[in-house]
Amino acid sequence: MSGLFLVQLLNGVQLGVLLFLVAAGLTLVFGVMHFINLAHGVQYMLGAYLAASLGIWTGSFWLGLLLALPLSLAAGLLLEFLVFRHLYDRDHLSQVLATFGVILFLDEAVRALWGSAPLPVPQPEGLGSIVLMPGLLYPVYRLVIIGAGLGVGLLLWLLVERTRMGMLVRAGASNAPMVSALGVDIRRLFTIVFGFGAMLAGFGGALAGPVFAVVPRMGDTVLILAFVVIVIGGIGSIRGAFLAALLVGLVDTLGKAMLPDLLRLVLDAAPARQAGAALASMLVYLLMAGILAFRPAGLFGGVRA
Amino acid sequence: MLRRTVLGAAALPLLGGLARPALAQNAPVKVAFLGTLSGPAASLGNQLRDGWLTGVKHLEGRLGGRPVETLVLDDELKPDVALTKIRAALERDKVDFVVGVVFSNMLQAIFRPVTESETVLITTNAGPSTYAGRGCNPFMFTTAYQNDQPHATMGQVAQEEGYKRVFILVPNYQAGKDAVNGFKSRFKGEVVDEVYVPLNQLDFSAEVARIAALKPDAIFTFMPGGLGVNLVRQYRQAGLANIPFLSTFTVDEATLPAQQDAALGFFTAATWAPDFPGEASQRFVRDFEAAYNYVPGNYAAQSYDAALLIDSALKATGGRTSDKPALRAALEKADFPSLRGRFAFGRNHYPVQDFWLCKVVKRPDGKFATATVRKVLENDTDPYAGECRFRG
C-alpha cells in the first residue's frame, strides 16, 4: 500500500506542476496588468497542438517540444498585439467578453485545422519506465514533468526576485503609472510579461500532450483549475501559485484515490463509490472556499499587490 | 408541394390518383441528417454523416427511384440547437425522414416534434432504453442497437472467458451507470471495484495505480472520446496491457487514429467491423476510405444501412411517403442487404442482431481498425422490447 501511496503522491505533484505552468502566466498577467485573460487555457491547447504536430513532422517529441516554445511565444505576442493590447484600459467585463471570444474562435480554428478527433502525440523517446510498486510501470517521463515544473518555478522566482526585469515587473504590479512616469516603457513590459506567460502555458500544454489527450477545448478544464490555483495562492503571487498548484494537484488526486475508500468505512460500498466520486470532484472547490474563508486574499495575497 | 398534393387529393380524387405517382417519382426525397459535427465529439458525427453519404452514393443518389436531398444539420451537442434545426427542417423544408443522431440526449430533444409530425425518424447511433420499452413509437426506427446491448456483450465475454475478478471504470453520469448495469446483467463473477470518474477527467494515473494494486483478471470500461484516448494510453504506459482490456465505445475507429499502438489488442463490442467478409461490406470500406481518408467504424456502417433501409421501403411503396402505415410496414420488413448480413427489426423497431467481440489490429497499410474475434450474442433482442406496445 505504501507503494500505491507513493505513486498517488507523485501523480498529485505532477498534476500540480502542470497546473503551476498554466497558473504562473495567468497570475502574472492578472497581478501585473490587472487583466483577466480567459484565453490563457487556449494558449495551453495551442502549445500542445504545436508540439504534437511538430513532433510528428520532425519525428522527435523533444524537437517538437523545443520548437513549440518560440511558436507559443509568437502566438501569445500576436494575440497581445491584435486583441489584448486594446483592452488594458477597459473594464473587466470587456476583457472577459473579448477573451472569451478568443476562446471560441481559437477552439473552432484548431478544430478546423487539425480536426475534431484527438491528435496522435509522439511519445517522448529515450525514456523508459521504473517500477515504483509491483505490477506498475511508472513512466520516467512523468518524473521529467515534475522536474521541469520545479525548474521553471525556480527560474521564475530568480527572474522575479533577482533581476532588473523582475524588479520592474514587481514595481509595475504595485504602481504602474509611477513606473511609467519614471521612464520605463510599461507597455513593452506588459507585452513581454504577456508573451512569457503564453509561452509558459504553451510549455505546459506541450509537456501534457503525451500524458493527456490533445483535443479541441482541452484548455477549458485546465483554465478553471488554474483560476482556482491563483485565487488560492493569492492573485499576482508566483510563490502562492506554486504552493497552491501543488496543493490543488495533491488534494484532487489523493481525494479521488482515497475518498471512496474512506467513505466505505461509514457507508455501504455502492453509495460510498457514488458519493466518493462526487465529493472528490468537489474537494478542490471546498478547499478554495475554506482557504478564502480564513484568508480572503489567498495564501500570499496582499503581501504584494 | 403539400398544397398541390392536397388539392389533387381533395378536389380531383381521380386525377389526383393518376398524378401522384408521377409527382412522387420526380420530387426529391428530403432527408434531414442530424449529427454532432463540431466540438470534441465531432468524429462520431462525421462517421455517421459520411456513412450515410456513402450509402446514398452507392444508390446513385436515389432512394426508391427518387432523387435524394440531404440537409446536413449540426446539433453542436446542444439540445436546444438540435430542436431548433429539426423544427425548421420539419416545418419549412418538410423533410420526409430524419436520420442520424449521435447522442441519446439529442434524440430526446427532437423525439416528440419529429414523431408527432408523423415523420419517420431513423437513428443510426443513439438507442436509449427510453424509446425501446413503454416509450416506443411507431415512427422511430434504429439501425444501431439498444445501448445496453454492447455492454451486456462484454459481460458475456467476461463470463465466458472465466474471469473471476473484474475491475470496472466508467464516467460518473447516466450512460456510465447504464454501462455498469449492462455489463453486470451477464457477468456473474466478482467486481473488485467500481470507479466513477468525472466526465472531464484529464489524468487516469490514480485509477491506473489502483488497478495495478488490485491485480484484477480483466477490466471493463466505457470511456467515450477523449477520455478513452487518455485511459488507453496511460494503461499501456503503466505496463498493464497484460490485464485484458474489455471496453465499449472506447477503442473504435473514431478514437483509434489518436490511440494507435497503445490500443493494440484491446477489446470492444460491436455490430460490425471493417473486416466483415462479403463483397458489399468490403466495397463500402474501400469506397468510404477512398472518399474520406479514414477507416469507417460501426457508426458509419449503421448509417449506411439506414440509406439502404429507406431505399428498400420506398421501392415497396412506389416512392410514396404519404401513406404512413404502408411506409412503416415497408420499413418494418427491413428488406435490404445490411452490411452486417442478417438484419431484422424487433417489435419496438430496434434491431434483433448479432453482437461481436472485436479487437484492435494494425492493418498491413499501417492504419488501425477493429477486427472481429468471434460472435458473442446471436439474434439478440434488447431487454425492453417486450414492454413495447404501439398506440394507434
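Computed from a predicted model, the values in this text were never measured in an experiment.

Parameters at a glance
Residues numbered from 1 in each chain as written. Chains lettered and ligands numbered in written order. Predicted model: local features only at pLDDT ≥ 70, side-chain atom pairs only at ≥ 80, totals over all residues. Heavy atoms only, no water. Core = buried A, V, L, I, M, F, W, Y, C linked by side-chain atoms within 4.5 Å. Buried < 20%, exposed > 50% of the residue type's maximum accessible area, 1.4 Å probe, protein only. Helix = DSSP H or I, 4+ residues; strand = E, 2+ residues; numbered from the N terminus. Contact = heavy atoms within 4.5 Å. Expected span 1.5 Å × (residues − 1). Salt bridge = Lys/Arg side-chain N within 4 Å of Asp/Glu carboxyl O. Pairing = 2+ DSSP bridges. Right-handed = clockwise from strand over helix to strand, strands pointing away. Buried area = accessible area lost by both parts, 1.4 Å probe. Domains from an automatic or database assignment. Patch = residues over 30% accessible without salt bridge, like charges linked within 9 Å, V, L, I, M, F, W, Y side chains within 5 Å. Areas by Shrake-Rupley, 256 points an atom, 1.4 Å probe, with all protein chains shown as cover.

## Quick word on the nonpolar core
In step 1: M33 and F84 of chain A are the most contacted members of the largest nonpolar core, which totals 89 residues.
In step 2: Looking at this core element by element, the count peaks at 15 residues for helix α1 (residues 2-33) of chain A.
In step 3: Among residues more than four places away in sequence, those in contact with F84 of chain A are F35, N37, A39, Q43, L79, T99, V102 and F194 of chain A.
In step 4: Listed in part, the 73 residues of the second largest apolar core include V31, F220, F345 and F355 of chain B.

## Looking at helix α9 (residues 226-237) of chain B
All names here are of chain B.
In step 1: With 12 residues, α9 should reach 16 Å at 1.5 Å per residue; the first-to-last C-alpha distance of 17 Å fits that figure.
In step 2: Counting buried positions along α9 yields 10 of 12 residues, so the element is predominantly enclosed.
In step 3: L227, G228, V229, N230, L231, V232, R233, Q234, Y235 and Q237 are the residues of α9 that are buried.
In step 4: Of the residues one or two after α9, G239 is the one with positive phi, at around 75°.

## Here's the deal with the pattern of salt bridges
All names here are of chain B.
In step 1: What the rule picks out here adds up to 28 salt bridges over all chains.
In step 2: In this structure, the salt-bridge partner of D193 is R210, at a minimum N-O distance of 2.8 Å. Of the two residues, D193 is situated in strand β8 (residues 190-197) and R210 in helix α8 (residues 205-214); the sequence distance between them amounts to 17 residues. Here the two residues D193 and R210 agree in accessibility, since each one is buried.
In step 3: E289 is paired through a salt bridge with R363; the nearest N and O atoms lie 2.8 Å apart. Taken together, the residues E289 in helix α11 (residues 279-292) and R363 in the loop between β13 (351-362) and β14 (368-380) connect sequence positions 74 residues apart.

## Describing the pairing of β8 of chain B
All names here are of chain B.
In step 1: The buried count for β8 comes to 7 of 8 residues, which makes it a mostly enclosed element.
In step 2: Two elements, strand β7 (residues 165-171) and β8, share 7 bridges in a ladder whose sense is parallel. In the sheet register, R165 faces β8, and the bridge partner there is E190.
In step 3: For the handedness criterion, the β-α-β arrangement of β7, helix α7 (residues 174-184) and β8 is classed as right-handed.

## A closer look at the interface of chain A and chain B
In step 1: The interface is formed by 41 residues belonging to chain A together with 39 residues belonging to chain B.
In step 2: A combined buried area of about 3100 Å² lies between chain A and chain B, and 55% of that area is made up of carbon and sulfur atoms.
In step 3: At the boundary of chain A with chain B, the tally comes to 2 salt bridges.
In step 4: Among the salt bridges present, the one from R264 of chain A reaches D193 of chain B, with a minimum N-O distance of 3.5 Å.

## Observations regarding the domain arrangement of chain B
A common measure of how large an interface is: the accessible area buried when the components associate.
Residue and element names in this part refer to chain B.
In step 1: Annotation of chain B at the domain level lists domain 1 (2-145 + 277-349) and domain 2 (148-270 + 357-380).
In step 2: Computed over C-alpha atoms only, the centres of domain 1 and domain 2 are separated by 31 Å.
In step 3: In this assembly, 13 residues from domain 1 lie in contact with 15 residues from domain 2.
In step 4: Note on domain 1 versus domain 2: buried area summed over both sides is about 1100 Å², and carbon and sulfur give 50% of it.
In step 5: Among the residues domain 1 hides against domain 2, the three largest losses belong to Y145, V295 and R342. Together they make up 43% of the total.
In step 6: Counting across the domain 1 and domain 2 interface gives 2 salt bridges.

## Considering a nonpolar patch on the surface
In step 1: Together, L262, L265, V266 and L267 of chain A give the surface a local cluster of nonpolar side chains, amounting to about 430 Å² of exposed area.
In step 2: In this structure, L265 of chain A sits in the loop between α10 (238-263) and α11 (269-294).

## Section: the side chain of T119 of chain B
Residues and elements named next belong to chain B.
In step 1: In this fold, T119 is placed in the loop between α5 (104-116) and β5 (120-123).
In step 2: On the basis of relative accessible area, T119 is assigned to the buried category, the value being 6%.
In step 3: Leaving out residues up to four positions away in the same chain, T119 has contacts with L90, V95, D96, F97, V98, V114 and F139.

## Structural notes on the pairing of β14 of chain B
Residue and element names in this part refer to chain B.
In step 1: Pairing of β13 with β14, which is carried by 9 bridges, proceeds in the antiparallel orientation. Across the sheet, Q353 pairs through a bridge with D380, a residue of β14.
In step 2: Hairpin remark: β13 followed by β14, antiparallel, with 5 residues in the connecting loop; positive phi at G366, about 90°.

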